[in-house]
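# Structural overview
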Amino acid sequence: MEAFFTIILLVALFFWLLGKFLPRILAWYVRRRIGVAPQEERWRRQGWRKAENENINEGEVEIKYSEPREKIITGNMGEYVDFEEEKSN
């Protein structure tokens, strides 16, 4: 009878440890597979954001304008037609 209770205790301890460590092991495995760097993950978890340009102070706004691109329409492209649905009686 003592062996039975020991086995039950060990099984319960195993599942408790599995519940504690399995989420962390899975998170580590997934991060490793998708290639997230540990430092970036820590910043993301804490809500920090890595500044793309170190010269920008907090609270400043930098606006970058891009050159407008020329529309490329070939001879085999159709026209855009805006359709409106009408209710019929």
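- An unreviewed UniProt entry lists the protein chain under the name DUF4834 domain-containing protein, with Candidatus Egerieousia excrementavium as the source organism.

### A look at the overall build of the protein chain
- A tally of regular secondary structure across the protein chain gives two helices and zero strands.
- Per-residue burial over the protein chain gives 2% buried out of 89 residues.
- Accessible surface, the protein chain as shown: approximately 10100 Å² in total, 57% of it carbon and sulfur.

### Thoughts on the packing of aromatic side chains
- Tallying each qualifying case throughout the model produces two aromatic pairs.
- Geometrically, the ring pair formed by Phe14 and Phe15 is edge-to-face, given 5.5 Å between the ring centres and 70° between the ring planes.
- For Phe14, a relative accessible area of 48% corresponds to the partly exposed category.
- Note on Phe15: relative accessible area 52%, which makes it exposed.

### Here's the deal with a nonpolar patch on the surface
- Taken together, Leu10, Leu13, Trp16, Leu17, Phe21, Ile25, Trp28, Tyr29, Val30 and Ile34 make up a surface patch of nonpolar side chains, about 1000 Å² in accessible area.
- With relative accessibility at 61%, the residue Ile34 sits in the exposed group.

### Looking at helix H1 (residues 2-34)
- Spanning 33 residues, H1 covers 47 Å between terminal C-alpha atoms, matching the ideal 48 Å at 1.5 Å per step.
- Of all the bends in H1, the greatest reaches close to 35° and is centred on Phe21; the proline Pro23 follows between one and four positions later.
- At the C-terminal side of H1, Gly35 shows a positive phi close to 85°.

Calculation notes
- Residues numbered from 1 in each chain as written.
- Predicted model: local features only at pLDDT ≥ 70, side-chain atom pairs only at ≥ 80, totals over all residues.
- Heavy atoms only, no water.
- Helix = DSSP H or I, 4+ residues; strand = E, 2+ residues; numbered from the N terminus.
- Buried < 20%, exposed > 50% of the residue type's maximum accessible area, 1.4 Å probe, protein only.
- Areas by Shrake-Rupley, 256 points an atom, 1.4 Å probe, with all protein chains shown as cover.
- Phe/Tyr/Trp six-rings, centres within 6.5 Å; stacked < 30°, edge-to-face > 60°.
- Patch = residues over 30% accessible without salt bridge, like charges linked within 9 Å, V, L, I, M, F, W, Y side chains within 5 Å.
- Salt bridge = Lys/Arg side-chain N within 4 Å of Asp/Glu carboxyl O.
- Expected span 1.5 Å × (residues − 1).
- Bend = angle between axes of the 7 residues up to and from the residue.

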